[in-house]
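# A look at the structure
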Amino acid sequence: MAPASKADKKAAGDVAAWMFNVVTSVGIIIVNKALMANYGFFFATTLTGMHFATTTLMTIVLRWLGYIQTSHLPLPDLLKFVLFANFSIVGMNISLMWNSVGFYQIAKLSMIPVSCLLEVAFDKIRYSRDTKLSIVVVLLGVAVCTVTDVSVNTKGFIAAFVAVWSTALQQYYVHYLQRKYSLSSFNLLGHTAPVQAGSLLILGPFVDYWLTNKRIDHFAFNFPSLVFIILSCTIAVGTNLSQFICIGRFTAVSFQVIGHMKTILVLILGFLFFGKEGLNIQVVVGMIIAVFGMIWYGNASSKPGGKERRSHSVKHGSDSSQLDDKV
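Residues numbered from 1 in each chain as written. Predicted model: local features only at pLDDT ≥ 70, side-chain atom pairs only at ≥ 80, totals over all residues. Heavy atoms only, no water.

### A few points about the overall build of the protein
Let me state the cut-off plainly: Strands are runs of DSSP state E lasting at least 2 residues, helices are runs of H or I lasting at least 4, and numbering of each runs from the N terminus. For every residue, the accessible area obtained with a 1.4 Å probe (protein chains only) is divided by the maximum for its type, and the residue is called buried under 20%, exposed over 50%, and partly exposed between those limits. In this description, contact between two residues means that some pair of their heavy atoms is separated by no more than 4.5 Å. Surface accessibility follows the Shrake-Rupley procedure with a 1.4 Å probe radius. Residue values consider only the protein chains on display as shielding.
Broken down by element type, the protein carries 11 helices and 5 strands. Here the protein holds 327 residues, and 48% of them are scored as buried. Taking contacts inside the protein between residues at least 6 apart in sequence as the whole, the part at least 24 apart equals 84%. For the protein, the exposed area adds up to about 16,400 Å²; of that, 69% sits on carbon and sulfur atoms.

Here is the structure:
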């Protein structure tokens with residue numbers, strides 16, 4: 001009875017963590033889209049710096065309340081993480097600017113195989129045939145939903161390459177650092193958010209000017225735009241925290257695979273709130289394929305051998321390989 005109860009609690013915690021991430025991630029996309037479309041606030045990098053500044057304030061309050069304990073994260077690991085994270089943010093913005101929407105979506109889809117490669121190389125993970133096929137089905141479904149015109153140039157390809165690899169490394173490092181140094185999501189955010197906030201607030205205005213040819217100090221701030229900026233920063237606290245919680249509970253690959261549910265939700269909400277053309281048959285079919293792939297992935301990766309961590313050590317003459325219990 002006790003093991004079943006423990007498993008039920010873990011499952012409930014996993015669902016709650018995932019729903020927290022879905023709600024905050026979709027919410028911030030909708031708010032940011034409204035902020036840019038309605039008020040012309042195109043300073044995405046600086047806005048991300050504001051997000052991490054708000055997150056830093058949250059970690060200070062949590063530390064004061066005792067929810068964040070004293071912990072240690074070596075400076076080289078911290079700087080490496082922040083480097084990957086900042087390259088991810090800037091790289092994605094540049095990739096979206098220099099590439100067609102179709103190629104941008106393909107680049108985002110390629111983060112799943114890149115994350116798989118990192119797990120195979122660093123964690124010695126072996127995927128079963130069903131797990132691999134389910135990932136392919138997810139990629140196919142999301143591609144049908146989102147990929148339309150595809151055009152690419154050399155600088156756009158380089159930007160997408162940097163964005164994909166830095167994002168995959170950043171997400172891998174979240175799981176790696178939590179596991180290596182026994183850091184909770186709150187503790188890891190307490191280490192990384194201040195450095196990201198400082199670096200992005202310093203570099204953000206220059207990067208945004210390079211990308212948009214607009215200066216943030218020339219932006220005509222008014223009450224409605226400030227309300228949306230504050231709302232964006234508030235939701236971002238949940239988004240940043242939920243990402244760390246989810247990757248800590250699952251893995252970077254599972255986070256990416258199931259994360260495409262957010263892509264589908266954003267498509268649906270975009271049609272509802274921004275009055276685009278209706279859900280056509282291509283999008284509906286793509287959604288059905290993607291959801292089927294996600295369900296298949298969850299089932300396949302949770303089976304024995306679905307995602308297996310290979311160990312080279314042998315105990316009492318038997319293989320000591322362990323199954324990765326993160327789905």
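### Remarks on helix α2 (residues 44–65)
At 3.6 residues per turn, the α-helix brings residues three or four places apart onto the same side. Which entries qualify depends on this criterion: Expected span of a helix: the number of residues minus one, times 1.5 Å.
If you check α2, its first and last C-alpha atoms are 32 Å apart, about what 22 residues at 1.5 Å a residue would give, namely 32 Å. Downstream of α2 by one or two residues, Gly 66 has phi in the positive range, about 95°.

### A few points about the environment of Ser 100
Counting through the fold element by element, Ser 100 comes out in the loop between α3 (75–98) and α4 (101–109). With 52 residues separating them in the primary sequence, Ser 100 and Val 152 have C-alpha atoms 6.9 Å apart.

### Focus: the side chain of Gln 171
On the secondary structure map, Gln 171 appears in helix α7 (residues 154–181). For Gln 171, a relative accessible area of 5% puts it in the buried group. Apart from residues lying up to four places away in sequence, Gln 171 is in contact with Gln 243, Ile 247, Ala 252, Phe 255 and Gln 256.

### Thoughts on unusual backbone geometry
Glycine aside, the phi torsion of most residues is negative, and most peptide linkages are trans. Phi at Lys 124 takes a positive value of approximately 55°, unusual for a residue other than glycine. The topology assignment puts Lys 124 in the loop between α5 (111–123) and β1 (125–127). Look at Asn 213: it is not a glycine, yet its phi comes out positive at around 60°. In this structure, Asn 213 sits in the loop between α8 (185–212) and α9 (223–249).

### Notes on the packing of α3 against α8
Under the convention used in this document: Every axis in this analysis is a line fitted to C-alpha atoms, fitted for helices over the stretch in contact. Angles between the N-to-C directions lie between 0 and 180 degrees. With respect to orientation, any angle under 35 degrees is reported as roughly parallel, any angle over 145 as roughly antiparallel, any angle of 65 to 115 as roughly perpendicular, and every other angle as oblique. A crossing counts as left-handed when the near helix is turned anticlockwise from the far one by less than a right angle, and as right-handed when that turn is clockwise. Gly is placed with the polar residues, together with every amino acid not listed as nonpolar (Ala, Val, Leu, Ile, Met, Phe, Trp, Tyr, Cys and Pro) or charged (Asp, Glu, Lys and Arg).
At their nearest, the axes of α3 and α8 sit 10 Å apart, and the two run at 30° to each other. It follows that α3 is roughly parallel to α8 by the angle criterion. Where α3 crosses over α8, the handedness of that crossing is right-handed. Note on element contacts: α8 touches α3 through His 191, Thr 192, Val 195, Gln 196, Ser 199, Leu 200, Val 207, Trp 210 and Leu 211, opposite Leu 78, Phe 81, Val 82, Ala 85, Asn 86, Ile 89, Val 90, Asn 93, Ile 94, Met 97 and Trp 98. Across the contact of α3 with α8, the residue classes tally to 14 nonpolar, 6 polar and no charged.

### So, the nonpolar core
The following threshold applies: Among buried residues, those of type Ala, Val, Leu, Ile, Met, Phe, Trp, Tyr and Cys that are joined through side-chain atoms within 4.5 Å constitute a nonpolar core.
Core analysis: the biggest nonpolar cluster contains 45 residues, and Phe 81 and Leu 188 have the highest contact counts within it. For this core, the element with the highest residue contribution is α7, accounting for 9 residues. Discounting chain neighbours no more than four positions away, the residues touching Phe 81 are Gln 170, Tyr 173, Val 174, Leu 177, Thr 192, Gln 196 and Phe 244.

### Examining the packing of aromatic side chains
Defined as follows: Side-chain rings of Phe, Tyr and Trp (the six-membered ring for Trp) are treated as a pair once their centres are within 6.5 Å; stacked means planes under 30 degrees apart, edge-to-face means over 60, and tilted covers the remaining angles. Charge over a ring is defined by NZ of Lys or CZ of Arg lying within 6 Å of the ring centre and within 35 degrees of the ring normal.
Inspection of every chain in the model, using the stated rule, returns 14 aromatic pairs. Taking 6.1 Å as the distance between ring centres and 80° as the angle between the ring planes, the aromatic pair formed by Phe 43 and Phe 219 counts as edge-to-face. One end of the pair, Phe 43, is in the loop between α1 (2–39) and α2; the other, Phe 219, is in the loop between α8 and α9, with 176 residues separating them in the sequence. Given the relative accessible area of 3%, Phe 43 is considered buried. Relative accessible area serves as the criterion here: at 14%, Phe 219 is assigned to the buried category. Ring geometry for Trp 98 versus Trp 210: centroids 5.7 Å apart, planes at 85°, classification edge-to-face. Here Trp 210 lies in helix α8 and Trp 98 lies in helix α3, a separation of 112 residues in the sequence. Taking relative accessible area as the criterion, Trp 98 reaches 24% and is therefore assigned partly exposed. Among the aromatic side chains, those forming a connected cluster through ring pairs are Phe 84, Phe 122, Tyr 172, Tyr 173 and Tyr 176. One residue, Lys 155, lies across the ring of Trp 98, its end atom 4.8 Å from the ring centre.

### A look at the pattern of salt bridges
Applicable threshold: Each salt bridge in this description consists of a side-chain nitrogen of Lys or Arg and a carboxyl oxygen of Asp or Glu lying within 4 Å of one another.
Following the criterion strictly, the structure yields 2 salt bridges and no others. Between Asp 217 and Arg 215 there is a salt bridge, with the nearest N and O atoms lying 2.7 Å from each other. Take Arg 215: its relative accessible area is 42%, and that puts it in the partly exposed class.

### Examining a nonpolar patch on the surface
The following threshold applies: Two distance rules govern patches: like charges are joined within 9 Å, and nonpolar side chains (Val, Leu, Ile, Met, Phe, Trp, Tyr) within 5 Å, applied only to residues with over 30% relative accessible area and no salt bridge.
Where nonpolar side chains cluster on the molecular surface, the patch consists of Leu 83, Phe 87, Val 152, Phe 157, Ile 158, Phe 161 and Val 162 and spans about 660 Å² of accessible area. Counting residues per element, the ones that place at least two in the nonpolar patch are α3 and α7. Within the fold, Phe 161 resides in helix α7. Taking the relative accessible area as the measure of exposure, Phe 161 reaches 48% and is therefore partly exposed.

### Some details on the confidence of the model for the protein
Low pLDDT means the predicted coordinates in that region are not meant to be read closely. Note the following rule: Known as pLDDT, the predictor's per-residue confidence is scaled from 0 to 100.
Averaged over every residue, the pLDDT of the protein is 83; residues scoring 70 or more account for 88%. Predicted confidence for residues 312–327 stays below pLDDT 50, and this span has 32 contacts to residues more than four positions away or in other chains.

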